[in-house]
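Results of the structural survey
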Amino acid sequence: MSAKVVIVGAGPAGANAALALARSGIASVLLDDNPHAGGQIFRPREGGRLPLLGADTRGETLRQGLRHHASLIDHRSGHEVIAVYPGPRLWVAAPDGAYELTPEHLVLATGAVEVTVPVPGWTLPGVYTLGGLQILAKSSAIVPAGKVVLAGTGPLLYLVAAQLVSAGVAVTDVVDAAGFPTAGQLAGMARVPALLLRGIGFELTLRRHGVAIHRRSAVVEVVGDGAVREVVVAPVGDDWAPLPGPRTRLAAGVVGLSFGLRANTELTQLAGCDHAHDPVRGGWRVRREADYATSVAKVYAIGDGAGIGGVDTALAEGTILGHGLTRRLGATAAILDAEATEAQRQISSLTLFRRALHDWSGLRPGIFSIADSRTMVCRCEDVTAGDIDAALDRGLALPRGLKLGTRAGMGLCQGRTCGPAVQERIARHSGVAVPELPMPTVRVPLRPVTAAMLASLAPKLPGE
Ligand SMILES: Cc1cc2nc3c(=O)[nH]c(=O)nc-3n(C[C@H](O)[C@H](O)[C@H](O)COP(=O)(O)OP(=O)(O)OC[C@H]3O[C@@H](n4cnc5c(N)ncnc54)[C@H](O)[C@@H]3O)c2cc1C
């Protein structure tokens, strides 16, 4: 099936790009594995009603726009891209079977994934990622009962803590590996005053509810027998490695734990695009030109999937992509140059904000030293930190060799969870910094699919 423009990801970036194109009369197919458009941030409520702090009406506006332009935007929810081959050719798994698309132009807007850091006890029932807790609260109005400790770093930590505590959850402690932002970092974040004020608002909410904030600290162990009972907290140094000295024990029934976001590069990797390591934008990210073209002809990348920038950057990149692609296709852009220029101006301020945010709370490698030899790193394949270290001692020094030798990253999640931890362990063992290591590889199909689906696609394998 051919479609001129296919966009993968109906979050703020992809949906806004589809709308920008539709306003110029250009049709697109918009694929997303979620049941609704809106991506991570604009999740509609599916069950119950829980008034959550920071509710944003822009998601509903985007969804209304998609409905309004339904004759030009073919939005297919529950459709997951499981492979990209040169061409580009996409394999899509849908509820009623699999199919292939061969677009002229492919826009990848696949968003972010959370960075998880393995610590002893993190596989106990009752330990969630911060995003996981937020998704349960946002989509299904499910919130934890009993005492909750949230740990990690970055804006999501304070946002989820403020959202849960305002919804009546007993969040007792927030454990942040970063310190209090410096005057310089605050000045950088003040480049986007609304975002800085939002962050200050979360902090004030936590103080008002008596939540204790432990800065420059990390959870070094989750303790329990079949369920979380308490966490052990230690101070951390400049690189966030735990410091020796007394530990604090905090009672908890539920723990939220994650350390910021990284770009979901699965599809840009499968498409064969060049990538580079950029710590400010969340680590590995696709290389792009000014018009968001990647190194592969007619493949573009926007939003958090092309480097963490946040929702406002994602929306602005959608507008700019729509404007640029309209012109490439020889149509008259309904989006005025002035509108694209304004989006570009917003991105400039947001870039300065992002730099300051990274300076304050960007992931530091010492945090990965918390895992001891028995800590599970790859949860899908049951590979411990000790198994990885033993393989490294045997000489399996590169990500690919280590994967083949230990199966870390070969399971259901395909390394989405353990990837950064495995890379940091290789870096520490080899003395080669992560940006100098080869990027972890990605294999098709990206997600488990039925044999029947694969069989229906197999005749379409490139070269057959
Ligand atoms: C767990 C989590 C919680 C967050 N919470 C907040 C928050 O509360 N506030 C905030 O400001 N920011 C939050 N963020 C960051 C925010 O989501 C992003 O900045 C913003 O949504 C980026 O928009 P996007 O369009 O680039 O990506 P997204 O909104 O992530 O949209 C990408 C879409 O692509 C889909 N997709 C990915 N791969 C495929 C595939 N192979 N096939 C089909 N579809 C695919 C995804 O399911 C998703 O719907 C959160 C991020 C995460 C990961």
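Residues numbered from 1 in each chain as written. Predicted model: local features only at pLDDT ≥ 70, side-chain atom pairs only at ≥ 80, totals over all residues. Heavy atoms only, no water.

Some details on the site of the ligand
- Ala 13, Asp 32, Asp 33, Gln 134 and Asp 304 are the nearest of the 32 residues found near the ligand.
- Note that an oxygen atom of the ligand is positioned 2.5 Å from one of the side-chain N or O atoms of Gln 134.
- Here Asp 304 contributes a side-chain N or O atom positioned 2.8 Å from an oxygen atom of the ligand.
- Calculation on the ligand without its partners gives an accessible area of 980 Å², and the protein chains cover 93% of this total.
- Residue assignment for the shell around the ligand shows that the elements contributing at least two residues are helix 1 (12-23), strand 4 (80-85), helix 3 (130-140), helix 4 (155-166) and helix 8 (311-328).
- Among the elements that line the shell around the ligand, the one with the most residues is helix 3, at three residues. (Near = heavy atom within 4 Å. Polar contact = N/O pair within 3.5 Å; in protein donor to acceptor, adjacent residues only side chain to side chain. Areas by Shrake-Rupley, 256 points an atom, 1.4 Å probe, with all protein chains shown as cover. Helix = DSSP H or I, 4+ residues; strand = E, 2+ residues; numbered from the N terminus.)

Considering the pattern of salt bridges
- Evaluation of the coordinates by the stated rule reveals 20 salt bridges.
- When the shortest N-O distance is used, the salt bridge between Glu 230 and Arg 249 registers 2.7 Å. Here Glu 230, found in strand 14 (residues 228-235), pairs with Arg 249, found in strand 15 (residues 248-251); they are 19 residues apart in sequence, far enough to count as distant.
- Take Glu 230: its relative accessible area is 17%, and that puts it in the buried class.
- Taken together, the shared-partner salt bridges in this structure form one network comprising Glu 80, Glu 266, Arg 416 and Arg 447. (Salt bridge = Lys/Arg side-chain N within 4 Å of Asp/Glu carboxyl O. Buried < 20%, exposed > 50% of the residue type's maximum accessible area, 1.4 Å probe, protein only.)

Digging into a nonpolar patch on the surface
- Among the surface-exposed residues, Leu 197, Ile 200 and Leu 204 lie close enough to one another that they form a single nonpolar patch of about 290 Å² accessible area.
- In this structure, Leu 197 sits in helix 6 (residues 193-208). (Patch = residues over 30% accessible without salt bridge, like charges linked within 9 Å, V, L, I, M, F, W, Y side chains within 5 Å.)

Re the pairing of strand 10 (residues 147-152)
- Strand 10 sits mainly inside the fold: five of its six residues count as buried.
- Where strand 10 meets strand 11 (residues 170-176), six bridges bridge the pair, whose relative direction is parallel. Of the residues in strand 11, the one forming a bridge with Ala 151 is Val 175.
- The β-α-β motif built from strand 10, the intervening helix 4 and the parallel element strand 11 has right-handed crossover chirality.
- Relative to strand 16 (residues 254-258), strand 10 runs parallel, the two being bridged by five bridges. What sits directly across from Ala 151, in strand 16, is Leu 257. (Pairing = 2+ DSSP bridges. Right-handed = clockwise from strand over helix to strand, strands pointing away.)

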